[in-house]
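# Coordinate inspection notes
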Amino acid sequence: MYQFTEDCLTGITEIDNEHRQLFQLINEAAALKENERTPRMVSEILSHLADYAATHFGHEEAYMKQIDDPELPLQQKEHQAFVTKINGLLSQPVTEENASSLLDEILPFLVRWLYRHILSSDMMIGKLKPEEPFAFTAKYYTGINQVDQEHSRLFEIIRKANDLIHNDLLYDKFDEIIHLIEELKEYTKFHFADEENVMAEMNYPGLEAQKRAHTAFVDKLMEIDLAQMDEIDDHQQEYLSELIQFLAGWLVNHILGMDKQIGLYAREQNRI
């Protein structure tokens, strides 16, 4: 069974309920016995899942539009990529021979995509603030020196990139900005590995949830195609500004919502 865990809660009732319903539909499909996996049944289940996901995306995008969420274009792009992928899978003929294996192929894909999308994108709905400062202040301290120092370095990289993006006096700055974003990718992976080691050493009970969130965000980072900068010359400033705002917003939300709990646990266990 696929679990809809607490770390997947966005705090937005309608969205959380629809995420739960998606997981429930997936689990009901996965529980079908072999003799129940007829071509007709499998086709109906997959079509229903695809339709429900599309309906959910519509609700999610409408909510984001209502609150003027700056992440909406990114969400729309991810939703469309998902719909395209699912439509491709559903275009395959469902026969007696492949009905069961097709279901087994699609369901894990749905779950992986959902976990990653919820933890890297949906968790940010309503939380991105264009005026969010890039200063690493005391409110972000976990009390674990190694973790705090690495968080500070992440903020520093993001702040440098943001300063360059908004420095209108500099020309030919995009190569340097791209270099900083690449550095952010690599340092983020390094930091997450360190942080997970710290949690493992203290037997932190939230380690698996943290790993899921880390994996989702790293996947999101790896999707950033900096080669497309040449294709969006007229909108580079806007694209990069929105990208940095998202990355900073995710980091802020993750530290305040999850990482500070590591420090709390460490203090309770007299580890710091």
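Residues numbered from 1 in each chain as written. Predicted model: local features only at pLDDT ≥ 70, side-chain atom pairs only at ≥ 80, totals over all residues. Heavy atoms only, no water.

## Some remarks on the environment of Ser 121
The condition is simple: We count a stretch as a helix when DSSP gives it H or I for four or more residues in a row; a strand needs E for two or more, and each element gets its number in order from the N terminus. Burial classes follow relative accessibility: with a 1.4 Å probe on protein chains only, a residue under 20% of its type's maximum area counts as buried, one over 50% as exposed, and anything between as partly exposed. Here a polar contact is taken to be a pair of N or O atoms separated by no more than 3.5 Å, where protein atoms must pair a possible hydrogen donor with a possible acceptor and residues adjacent in sequence count only if both atoms sit in side chains.
Of note, Ser 121 is situated in the loop between helix H4 (99-120) and helix H5 (145-165). Its relative accessible area of 0% is what places Ser 121 among the buried residues. Residues Ser 121 and Glu 36, 85 residues apart in the sequence, show an inter-C-alpha distance of 35 Å. A distance of 3.1 Å separates a polar atom in the side chain of Ser 121 from a polar atom in the side chain of Glu 78.

## Regarding the nonpolar core
Heads up, the condition is: What is meant by a nonpolar core is a set of buried Ala, Val, Leu, Ile, Met, Phe, Trp, Tyr and Cys residues, joined one to another through side-chain atoms within 4.5 Å. What makes two residues a contact is simply this: any of their non-hydrogen atoms within 4.5 Å.
If you look at the biggest cluster of nonpolar residues, it comprises 34 residues, and the most contacted ones within it are Phe 155, Ile 158, Phe 217, Ile 244, Leu 247 and Trp 250. Looking at this core, the elements with two or more residues in it are H5, helix H6 (174-201), helix H7 (207-222) and helix H8 (236-268). The greatest single-element share of this core, amounting to 11 residues, is contributed by H8. Not counting residues within four places of it along the chain, the set of residues in contact with Phe 155 comprises Phe 134, Ala 135, Phe 136, Tyr 140, Leu 251, Val 252 and Ile 255. Among the nonpolar cores identified, the runner-up in size contains 33 residues, and Leu 103, Trp 113, Leu 114 and Met 123 belong to it.

## As for the environment of His 59
In this fold, His 59 is placed in helix H2 (residues 39-66). Other than its neighbours up to four places away in sequence, His 59 contacts Glu 14 and Glu 18.

## Details of the pattern of salt bridges
Going by this rule: Within this document, salt bridges are pairs made up of a side-chain nitrogen of Lys or Arg and a carboxyl oxygen of Asp or Glu, the two lying within 4 Å of each other.
According to the stated counting rule, one finds 10 salt bridges in the structure shown. A salt bridge links Glu 186 to Lys 189; its shortest N-O distance comes to 3.4 Å. Here Glu 186 and its partner Lys 189 are both found in helix H6, three residues apart, which amounts to about one turn of the helix. Since its relative accessible area comes to 32%, Lys 189 is described here as partly exposed. Salt bridges sharing common partners tie together Arg 153, Glu 156, Lys 160 and Glu 183.

## Overview of the side chain of Gln 75
Secondary-structure assignment places Gln 75 in helix H3 (residues 72-90). Contacts of Gln 75, omitting those with residues within four sequence positions, involve Glu 60, Met 64, His 117, Ser 121, Asp 122 and Ile 125.

## A few points about unusual backbone geometry
For Asp 68, which is not glycine, the phi torsion reads 55° and is therefore positive. With respect to the helices and strands, the residue Asp 68 is situated in the loop between H2 and H3. The phi dihedral of Asn 270 is positive, around 55°, even though this residue is not glycine. Of note, Asn 270 is situated in the segment after H8. For Asn 270, a relative accessible area of 69% puts it in the exposed group.

## A short note on the environment of Met 1
Following the sequence through the fold, Met 1 ends up in the segment before helix H1 (13-30). Put simply, Met 1 and Gly 143 are 142 residues apart on the chain and 37 Å apart in space, counted from C-alpha to C-alpha.

## Observations regarding the packing of H5 against H8
Inclusion rule: In this analysis, axes come from line fits to C-alpha atoms, helices being fitted only over the stretch in contact, and the angle between any two N-to-C directions falls in the range 0 to 180 degrees. Should an angle lie under 35 degrees it is considered roughly parallel, over 145 roughly antiparallel, and from 65 to 115 roughly perpendicular; all remaining angles are considered oblique. What makes a crossing left-handed is the near helix being turned counterclockwise from the far one by less than a right angle; a clockwise turn instead makes it right-handed. Each residue gets one label: Ala, Val, Leu, Ile, Met, Phe, Trp, Tyr, Cys and Pro are nonpolar, Asp, Glu, Lys and Arg are charged, and the others, such as Gly, are polar.
At a minimum axis distance of 10 Å, the contact between H5 and H8 shows a crossing angle of 160°. The orientation of H5 with respect to H8, classified from their angle, is roughly antiparallel. Our pair here, H5 against H8, has a crossing hand that is left-handed. Each of His 151, Leu 154, Phe 155, Ile 158, Ala 161, Asn 162 and Ile 165 in H5 lies in contact with H8, whose residues at this interface are Gln 237, Leu 240, Ser 241, Ile 244, Leu 247, Ala 248, Leu 251, Val 252, Ile 255 and Asp 259. Here the contact of H5 with H8 is composed, by residue class, of 12 nonpolar, four polar and one charged.

In short, geometric facts, not functional conclusions.
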